[in-house]
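A structural walkthrough
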Amino acid sequence: MGRACVAGLAVVAALTGCTVQAPDGEGKRRSPVHIELPGATPSPDRTPAGGGDKPRSEPPSGDDKPGAAPAPPRVLWSRGDTGRDVRELQARLRQVAWLFEGPTGTYGEQTERAVSGFQGKRGLPRTGKTDAVTWRRLLRMTREPGRWELFLMGGQPADPPDARCRTGRVLCIDKTSRTLRWMVDGRTVSTMAVRFGSQYTPTREGVFSVYWKSRDHVSTLYDSPMPYAMFFSGGQAVHFSADFAARGYAGASHGCVNVRDEAAIAELYARVRNGDKVVVSW
């Protein structure tokens, strides 16, 4: 009978998660079973289900996840872009001696290389593209360029023609916009940038006419080449200038009207005749 009772208790212990207790140190027998009710809090020294020596920590919250990488700065201009903003970029790069050509208004290889050098010197990624960070840095280091810094090598738009240019065949020369229009019966055939004399050797203003053409002329006064010369007032002529082509408006003529585009003046020279009108105005 006693054995049957013990067996029954063992079955109950197995079914309820019980453990049989050994006698204590004084030889007294404890209650035969220790019951752990389902759902009770596990003891701190229990090994978590996943194994290991420490209790499993709570899942990380969303704030503890690594943040997304910051977006790269917006690109403002890059190779192939054109326009007035590109001219300003180039003019400012010239101010800090990172660019020596132009401004041309076209973002080409030289501009890309200059931007890359500027970026590398200041610890920015050398992309060669002008992004918002690069532009802000350049703005802090430079000043607002003037009009003739933007159009140092020509390319500026022409002002409306003088009223005296609207009839006949006319070399219409405007000192304000520094341009020459070749006009026939009020229609502009071509336009090009021109340069004039300094304050000490000014280009004369008024209405004249071409009285002599000299394809390979050399100045007897200054011993300098004057290709495609079209004389209109004493020794003053419209002609190609290699100095204007190289230095732009950084220099001046001795009174002549300089053209820097050799192909353009070669074509103009072929069209103009002796007797064609020349108007020089502000």
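Residues numbered from 1 in each chain as written. Predicted model: local features only at pLDDT ≥ 70, side-chain atom pairs only at ≥ 80, totals over all residues. Heavy atoms only, no water.

**Considerations on the overall build of the protein**
Helix and strand counts for the protein come out as seven helices and 13 strands. Of all 282 residues assigned to the protein, the portion counted as buried reaches 36%. For the protein, contacts bridging at least 24 residues in sequence account for 51% of all contacts bridging at least 6. Surface summary for the protein: the accessible area is close to 17100 Å², and the carbon and sulfur share equals 54%. (Helix = DSSP H or I, 4+ residues; strand = E, 2+ residues; numbered from the N terminus. Buried < 20%, exposed > 50% of the residue type's maximum accessible area, 1.4 Å probe, protein only. Contact = heavy atoms within 4.5 Å. Areas by Shrake-Rupley, 256 points an atom, 1.4 Å probe, with all protein chains shown as cover.)

**Quick notes on the pattern of salt bridges**
Inspection of the entire model under this criterion finds 14 salt bridges. Between Glu88 and Arg84 there is a salt bridge, with the nearest N and O atoms lying 2.4 Å from each other. Within this pair, Glu88 and its partner Arg84 are both found in helix 2 (residues 84-95), separated by four residues, close to a single helical turn. The shortest N-O distance in the salt bridge between Arg247 and Asp243 comes to 3.0 Å. Pair noted here: Arg247 and Asp243 are both in helix 6 (residues 242-247), with a separation of four residues, about one helical turn. Here the salt bridges share partners, and the residues they tie into one network are Arg84, Glu88, Arg92 and Glu144. (Salt bridge = Lys/Arg side-chain N within 4 Å of Asp/Glu carboxyl O.)

**Description of the packing of aromatic side chains**
Using the criterion set out here, one finds seven aromatic pairs in the structure. Each ring, one from Phe208 and one from Phe232, has its centre 5.5 Å from the other, and the planes form 50°; the classification is tilted. With Phe208 in strand 8 (residues 206-209) and Phe232 in strand 10 (residues 225-233), this residue pair connects regions lying 24 residues apart in the sequence. Judged by relative accessible area, which is 4%, Phe232 ranks as buried. Above the plane of the ring of Trp148 lies Arg178, whose end atom (NZ or CZ) is 4.1 Å from the centre. (Phe/Tyr/Trp six-rings, centres within 6.5 Å; stacked < 30°, edge-to-face > 60°. Lys NZ or Arg CZ within 6 Å of the ring centre and 35° of its normal.)

**What to know about the nonpolar core**
Core analysis: the largest hydrophobic core is formed by 21 residues, its most contacted members being Leu171, Ile173, Leu180, Met230, Val238 and Leu268. Those elements that provide at least two residues to this core are strand 5 (169-174), strand 6 (179-184), strand 7 (187-195), strand 10, strand 11 (236-240), strand 12 (257-259), helix 7 (262-271) and strand 13 (277-281). In this structure, Leu93, Val96, Ala114 and Leu138 belong to the second largest nonpolar core, which totals twelve residues. (Core = buried A, V, L, I, M, F, W, Y, C linked by side-chain atoms within 4.5 Å.)

**Examining the pairing of strand 6**
Most of strand 6 is tucked away, with five of its six residues classed as buried. Between the end of strand 5 and the start of strand 6, which pair antiparallel, lie four residues, with Arg178 showing a positive phi angle near 55°. Direction of pairing for strand 6 relative to strand 7: antiparallel, over a ladder of six bridges. Residue Leu180 lies in a different strand from strand 7, and its bridge partner there is Met192. Between strand 6 and strand 7, which pair antiparallel and follow one another directly, the connecting turn spans two residues, one of which, Asp185, has a positive phi of 50°. (Pairing = 2+ DSSP bridges.)

**Points about the pairing of strand 7**
In terms of strand pairing, strand 7 meets strand 12 through two bridges, oriented antiparallel. The residue bridging Val194 from the neighbouring strand is Val259, located in strand 12.

**A closer look at the layout of surface pockets**
Gaps between atoms show up when a probe of the same size as a water molecule is rolled over them. Roughly 500 Å³ of volume is contained in the largest pocket. In terms of lining residues, the largest pocket is bounded by 27 residues, among which Ser219, Ser224, Met226, His239 and His254 are the most central. At the level of elements, strand 9 (212-218), strand 10, strand 11 and helix 6 are the ones that each hand at least two residues to the lining of the largest pocket. Residue contributions to the lining of the largest pocket peak at four residues, all from strand 10. Residue classes in the lining of the largest pocket are distributed as twelve nonpolar, 13 polar and two charged. (1 Å grid on protein atoms, 1.4 Å probe; cavity = no way out; pocket = protein on both sides within 12 Å on 5 of 7 lines; lining within 4 Å. Points joined across faces, edges and corners; volume = space filled by probe spheres on them. Nonpolar A, V, L, I, M, F, W, Y, C, P; charged D, E, K, R; others polar.)

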